[in-house]
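# Inside the fold
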Protein chains: 2
Amino acid sequence: MLDANSTRIVVGRGELERGAEVLGDWLHGRTVFVVSSPRVRALHGGRLRWLDRVAARRHDLEVPEGEAAKTVAVAEGLWNRMLEVGGKRDSRLLAFGGGSVGDLGGFVAGSFLRGIEFAQLPTTLLAQVDAALGGKTGVDLAGGKNTVGVFHHPFAVLSDVEVLSTLPPAELRSGLVEVVKMAFLLDLDLLARVERDLPALLAGEASALLPVVQAAADAKMAVVRDDPREGDRRRLLNFGHTLGHALEAALGYRTLRHGEAVAYGMLFALRLAERRGLDGAAADRLRQLLAAFELPPLPGGGRLVARDLVRRMGRDKKAVEAGLVWVLPAALGAGQCVADVSPREVEAELAAFLAAGSRG
Amino acid sequence: MLDANSTRIVVGRGELERGAEVLGDWLHGRTVFVVSSPRVRALHGGRLRWLDRVAARRHDLEVPEGEAAKTVAVAEGLWNRMLEVGGKRDSRLLAFGGGSVGDLGGFVAGSFLRGIEFAQLPTTLLAQVDAALGGKTGVDLAGGKNTVGVFHHPFAVLSDVEVLSTLPPAELRSGLVEVVKMAFLLDLDLLARVERDLPALLAGEASALLPVVQAAADAKMAVVRDDPREGDRRRLLNFGHTLGHALEAALGYRTLRHGEAVAYGMLFALRLAERRGLDGAAADRLRQLLAAFELPPLPGGGRLVARDLVRRMGRDKKAVEAGLVWVLPAALGAGQCVADVSPREVEAELAAFLAAGSRG
């Protein structure tokens, strides 16, 4: 079983076409399963032509676009197909697509014959800076996202920033939110770079994205290597996610993209953090940066209710019997895990946050 | 994540009623899921009354008897139920039953919220000496047994030999085959004890079973701790399983119990081993012991065909691209992994083995 330290992370331009350099030996003579969606195959499938040269057998497994791929039923379909065509313990799997394909593909690999090795070939910014890194895999149940899964570290993550140019602007924005999340707590140089290059980043320019994806991946992997099974250190990566997940769930995983929900989650966490002594200037710096993202507004008309959101947070898979742990900024470049935020305080702050038109 | 070294193994009489001694602190104040079958609950459920005293909440999850429990659909049903009733990352799961309940329960625990801790409370001899030990978990696909699963080590394995008295003789025999499998390659004192006490063991006498279960568990855990992810050392535990699995599959998992199929697998492996220099006296000692088991005969009438069985072995999940690895005795108390047995040799030997009325 590979661990976080053995994952090779490669970020560059044209990495997918050059994939044989990193993956060739590992795939040589193997049965290789490529999990992907119709859109990714149509747009970028040609970049993996070298695979036919190195693999003994190649099987393309198509899954639905987006979160619809992340079900137990889809996973079972892949396991059955892999077994039928002769998948073995030393077969390989490539998860070629966005975060959903990576989450599903990693889980399928991690549980097929008790685990085969796999690699992540992420094609969205969100997946390149966050989802594909760190070994978290999983699918969803009706009751919650990522509620079934395993830790299964990829052999390699190949992030080719050239594929990001085909992403819609909202998808780039969603990915950049995760970059900001890490930068604000972990890497102030990266934060300054995002502030400076924001227009080019939101436009999907590869030259601007390359150093940002590299730095974000470095920041995340440093945390993961320190704390592979999610103690307090890794938990810092959940900044903005406690409310973010509840917002997504309350809106039925429509209306807001994951990154957009996390952005609102960070804005809300700033309020709790300021009550615990976070410097107002630091909080304002993050508010100003996120304002430039021009987030879609939170739906009004009573669709979001503080009490309901608090209840949903209690059901979050990160919750333990003792309650929720909040990740709050303590200062610029420093986060902390806070366990003693009462549901009453959260509900009152959240009601005020929602009433303020969610501008924080 | 627990590893093989952190699993506490307790073998004794009345261990289930005294379960709070080993599990009390670990379960205290938690939500506890008890996965079990109707039969086990009816026969032995009363032994876990102490659980209501130590757990914050207890949820009994009933699954079908035997292999029918080991499906992705049953696993998904448990995950959904666990999430609905508020299962958290620090919830616990007890797999209370035979090997199937343990395999399923371990997989469900290993994948719920990316892994919650669990304990094995095995109620069959097979589970106490083999299935519950070592962290292998999984469910079946239509194409093969244990083809979906993870390695997930239990916090503890509590083996109470008193529950074995309710087992039918054939079930005891099936479990004893796994003991013989380990004893012949790993522990000659245990082999001698089984030879000496066989009638009492087959009668389910707790005083005879206690030292045998203890020694078998020790032998298995020593191998697992040496080699947790199944390299050559752990592979020794698959002695008899290559043909055994193929026999079970060819007979549709009816007709022969797992241990019975493994016994035939060992008898067949002896033939391959003797062609590679295994001493005839050593082989005869194992043949003589297994003869005393009075195995049900292999079905005749052409139901088993050598070529078909060879094809099934190639699909075994332990196969790799390069082919099958056979576990063969090299001498009394010593096994070896042999990769260069040609399918042609296997098929010819197997045809002779089947023709000989499977008496080896």
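Residues numbered from 1 in each chain as written. Chains lettered and ligands numbered in written order. Predicted model: local features only at pLDDT ≥ 70, side-chain atom pairs only at ≥ 80, totals over all residues. Heavy atoms only, no water.

To continue, consider the overall build of chain A. In terms of regular secondary structure, chain A is built from 15 helices and 10 strands. Here the C-alpha atoms of chain A give a radius of gyration of 20 Å, agreeing with the 21 Å that 2.2 N^0.38 yields for 360 residues. Viewed in the frame of its principal axes, chain A has a C-alpha envelope of about 60 × 40 × 40 Å. Every one of the 360 residues in chain A was classed for burial, and the buried ones make up 60%. Across chain A, the fraction of contacts at a sequence separation of at least 24, relative to all contacts at a separation of at least 6, is 79%. Between the averaged position of the 45 positive side-chain charges in chain A and that of its 44 negative side-chain charges there is a distance of 3 Å. (Helix = DSSP H or I, 4+ residues; strand = E, 2+ residues; numbered from the N terminus. Rg over C-alpha atoms; globule rule 2.2 N^0.38 Å. Buried < 20%, exposed > 50% of the residue type's maximum accessible area, 1.4 Å probe, protein only. Contact = heavy atoms within 4.5 Å. Lys, Arg positive; Asp, Glu negative; His and termini not counted. Charge placed at Lys NZ, Arg CZ, Asp CG, Glu CD.)

Residues and elements named next belong to chain A. What the rule picks out here adds up to 10 aromatic pairs over all chains. Residues Trp26 and Phe155 carry aromatic rings whose centres are separated by 4.5 Å and whose planes lie at 5° to one another, so their mutual orientation is stacked. In this pair, Trp26 is assigned in helix H1 (residues 19–27) and Phe155 in the loop between strand S7 (144–148) and strand S8 (156–160), connecting sequence segments 129 residues apart. An aromatic cluster is built from Phe268, Trp326 and Phe353, whose rings are joined through pairwise contacts. (Phe/Tyr/Trp six-rings, centres within 6.5 Å; stacked < 30°, edge-to-face > 60°.)

Our focus in this paragraph is the packing of helix H4 (residues 72–84) of chain A against helix H4 (residues 72–84) of chain B. Interaxial distance between H4 of chain A and H4 of chain B falls to 11 Å at its minimum, and their mutual angle equals 155°. As far as their axial angle goes, H4 of chain B and H4 of chain A are roughly antiparallel. Seen from above, H4 of chain A lies across H4 of chain B with right-handed handedness. In this structure, H4 of chain A uses Val72, Glu76 and Trp79 of chain A to contact H4 of chain B, whose residues at the interface are Val72, Glu76 and Trp79 of chain B. Class assignment of the residues belonging to the contact of H4 of chain A with H4 of chain B gives a composition of four nonpolar, no polar and two charged. (Axes fitted to C-alpha atoms, helices over the stretch in contact; angles between N-to-C directions. Parallel < 35°, antiparallel > 145°, perpendicular 65-115°, else oblique. Left-handed = near helix turned anticlockwise from the far one by under 90°. Nonpolar A, V, L, I, M, F, W, Y, C, P; charged D, E, K, R; others polar.)

For the rest of this paragraph, the subject is the relation of the copies chain A and chain B. Note on the copies: chain A fits chain B at an RMSD of 0.0 Å, the axial shift is 0.0 Å, and the rotation between them is 180°. Here the two chains are linked by the operation of a two-fold rotation axis. A shared interface surface links the copies, since 100% of the contact residues of chain A are contact residues in chain B too. (Least-squares fit on C-alpha atoms with pLDDT ≥ 70 in both.)

Taken together, the contact between chain A and chain B spans 41 residues of the former and 41 residues of the latter. Joining chain A to chain B, the criterion identifies zero salt bridges. Here chain A and chain B share eight residue pairs in polar contact (both at pLDDT 80 or more) between them. Elements with a contribution of two residues or more to the side of chain A that touches chain B: H4, helix H5 (99–111) and S7 of chain A. Here the side of chain A that touches chain B gets five residues from one element, more than from any other, and that element is H4 of chain A. Class assignment of the residues belonging to the side of chain A that touches chain B gives a composition of 14 nonpolar, 14 polar and 13 charged. (Salt bridge = Lys/Arg side-chain N within 4 Å of Asp/Glu carboxyl O. Polar contact = N/O pair within 3.5 Å; in protein donor to acceptor, adjacent residues only side chain to side chain.)

Before going further, it helps to examine unusual backbone geometry. You will see that Glu294 of chain A, though not glycine, has its phi angle at about 50°, which is positive. Among the secondary structure elements, Glu294 of chain A is positioned in the loop between helix H13 (280–291) and helix H14 (306–314). The backbone of Thr255 of chain B shows a phi angle near 70°, a positive value even though the residue is not glycine. Here Thr255 of chain B shows up in the loop between helix H11 (241–250) and helix H12 (258–275).

We now examine H4 of chain A. Residue and element names in this part refer to chain A. Taking 1.5 Å per residue as the helical rise, H4 with its 13 residues ought to reach 18 Å, and the 18 Å between its terminal C-alpha atoms agrees with that figure. Within H4, burial applies to Val72, Val74, Ala75, Leu78, Trp79, Met82 and Leu83. Looking down the long axis of H4, one finds its buried residues gathered within 170° of arc, a one-sided arrangement. Within H4, the exposed residues directed more than 90 degrees away from the buried face are Ala73 and Glu84. Positive backbone phi, at 95°, marks Gly86, one or two positions downstream of H4. (Expected span 1.5 Å × (residues − 1). Arc of directions from axis to C-beta.)

The subject of this paragraph is the pattern of salt bridges. Under the criterion given, the structure shown has 64 salt bridges over all chains. Across the salt bridge formed by Asp130 of chain B and Lys181 of chain B, the nearest N and O atoms sit 3.2 Å from each other. One end of the pair, Asp130 of chain B, is in helix H6 (residues 125–131); the other, Lys181 of chain B, is in helix H7 (residues 169–186), and 51 residues separate them in sequence. By relative accessible area, Lys181 of chain B is classed as buried at 2%. A salt bridge links Asp197 of chain B to Arg196 of chain B, with the shortest nitrogen-to-oxygen separation between them at 3.0 Å. On the basis of relative accessibility, which here comes to 17%, the residue Asp197 of chain B falls in the buried class. Because the salt bridges share partners, they merge into one network encompassing Glu67, Lys70, Asp103, Asp140, Lys145 and Glu248 of chain A.

Across chain A, the average pLDDT comes to 94, with 97% of residues at or above 70. Confidence metrics for the complex model read pTM 0.94 and ipTM 0.93. (pLDDT = per-residue confidence, 0-100.)

On to the packing of helix H7 (residues 169–186) of chain A against helix H12 (residues 258–275) of chain A, then. Residues and elements named next belong to chain A. Contact geometry of H7 with H12 gives a least axis separation of 7 Å together with a crossing angle of 35°. The way H7 lies across H12 gives a crossing that is left-handed. Mapping the contact onto sequence places Ala170, Arg173, Ser174, Val177, Glu178, Val180, Lys181 and Phe184 in H7 and His258, Gly259, Glu260, Val262, Ala263, Met266 and Leu270 in H12. For the contact of H7 with H12, the per-class residue count stands at eight nonpolar, three polar and four charged.

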